[in-house]
Amino acid sequence: MFQLGKAIISEDIIEKEFVCNLSACKGACCIEGEAGAPVTEEETKILKEIYPKVKPFLRPEGIQAIEAQGTFIKSPQADLETPLVNGKECAYVTFTENGTASCGIEDAYNAGEVDFRKPISCHLYPVRIQDYSEFSAINYHRWPICDDACTLGKELQVPIYKFVKDALIRKYGEDWYAELEKVAANY
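Figured I'd write up the structure that's included with this text.

Cut-offs and rules
- Residues numbered from 1 in each chain as written.
- Predicted model: local features only at pLDDT ≥ 70, side-chain atom pairs only at ≥ 80, totals over all residues.
- Heavy atoms only, no water.
- Salt bridge = Lys/Arg side-chain N within 4 Å of Asp/Glu carboxyl O.
- Buried < 20%, exposed > 50% of the residue type's maximum accessible area, 1.4 Å probe, protein only.
- Pairing = 2+ DSSP bridges.
- Helix = DSSP H or I, 4+ residues; strand = E, 2+ residues; numbered from the N terminus.
- Axes fitted to C-alpha atoms, helices over the stretch in contact; angles between N-to-C directions.
- Core = buried A, V, L, I, M, F, W, Y, C linked by side-chain atoms within 4.5 Å.
- Contact = heavy atoms within 4.5 Å.
- Phe/Tyr/Trp six-rings, centres within 6.5 Å; stacked < 30°, edge-to-face > 60°.
- Parallel < 35°, antiparallel > 145°, perpendicular 65-115°, else oblique.
- Nonpolar A, V, L, I, M, F, W, Y, C, P; charged D, E, K, R; others polar.

1. Some thoughts on the pattern of salt bridges
A side chain of one charge can pair with a side chain of the opposite charge when the charged atoms of the two come close. With the rule as written, the count across this model stands at eight salt bridges. Salt-bridge contacts for Glu 61 lead to Arg 59; the nearest nitrogen and oxygen are separated by 3.4 Å. We classify Glu 61 as partly exposed; its relative accessible area is 38%. Residues joined in a network through salt bridges with shared partners are Arg 59, Glu 61 and Glu 89.

Written out as structure tokens, the structure reads:
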């Protein structure tokens, strides 16, 4: 691990390779698991605000789940998350004609309807950030459904920190990312 500002970063972020392979996994990370996507306190306000503009991009099942549970939920562990449809996929998930999961929020963003791309936890994936009082821990989340992404990342020689570059810049800024690149170059 190494420190960059107030972030403690796992070396896996530099050492491991990863590129989403949607043709192989069909967006399983939006469907599998036991919880919705983590959202921040600030993002809960954004989700409430943009929901009317995102709603036309969602499936009826997602709309029903959101209208029953809210634009976000608080888990039994007090974590803030996106709601799920029948305890399965994220309520904001949509599907392409070939069955690949997509994000209704990002669909609305790409259509120019909202200026919020999607929750930062989704944008950063497979990176997960755990905030503590004095620092943030930045780690690689390994999940067997992403094995094809690891294989593709190796083939293309794309380390995780480069794969999630835009998301890391969104979260920490250009200067922070430039410092991360320097650390990686000297690693």
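2. Quick notes on the sheet that holds strand E2 (residues 7–9)
Spatially, the four strands line up as an open sheet ordered E1-E2-E8-E7, and their pairing is mixed. Of all the strands in the sheet, just strand E1 (2–4) and strand E7 (127–131) have a single pairing partner and so form its edges. Within the sheet, the average angular offset between the axes of one strand and its neighbour, ignoring direction, is 25 degrees. With three bridges joining them, E2 and strand E8 (residues 136–140) adopt parallel strand pairing. Bridging across to E8, Ala 7 finds its partner in Ser 136.

3. Some points on the pairing of E8
Where burial is concerned, most of E8 is hidden: four out of the five residues are buried. With five bridges joining them, E7 and E8 adopt antiparallel strand pairing. Bridged to Arg 128 within E8 is Asn 139. Counting the residues that bridge the hairpin from E7 to E8 gives four residues.

4. Let's talk about the nonpolar core
With 25 residues, the main nonpolar core has Ile 9, Ile 13, Tyr 161, Leu 168, Trp 176 and Leu 180 as its most contacted residues. Those elements giving two or more residues to this core turn out to be E1, E2, helix H1 (12–15), helix H6 (120–124), E8, helix H8 (160–163), helix H9 (165–172) and helix H10 (174–186). A per-element tally of this core places H10 first, with four residues. Residues within four places of Leu 168 in sequence aside, it is in contact with Leu 124, Tyr 161, Gly 173, Trp 176, Tyr 177 and Leu 180. Ranked by size, the runner-up nonpolar core spans 19 residues in total, among them Cys 90, Ile 105, Val 114 and Phe 116.

5. Some points on the packing of aromatic side chains
For the coordinates displayed, the defined rule picks out six aromatic pairs. Ring centres 6.3 Å apart and planes at 75 degrees place the aromatic pair Tyr 125 and Trp 143 in the edge-to-face group. Residue Tyr 125 is located in the loop between H6 and E7, and its partner Trp 143 is located in the loop between E8 and helix H7 (147–156); the two are separated by 18 residues in the primary sequence.

6. A word on the environment of Glu 17
Inspection of the secondary structure assignment puts Glu 17 in the loop between H1 and helix H2 (22–25). The exposure class assigned to Glu 17 is partly exposed, which follows from its relative accessible area of 24%. Considering only alpha carbons, one finds Glu 17 and Tyr 161, 144 residues apart in sequence, at a separation of 8.6 Å.

7. Describing the packing of H9 against H10
In the contact formed by H9 and H10, the axes pass within 7 Å of each other and the chain directions differ by 130 degrees. With respect to H10, the element H9 is oriented oblique. Facing H9, whose interface residues are Lys 165, Leu 168, Ile 169 and Tyr 172, H10 presents Glu 174, Trp 176, Tyr 177 and Leu 180. Classifying every residue of the contact of H9 with H10 gives six nonpolar, no polar and two charged.

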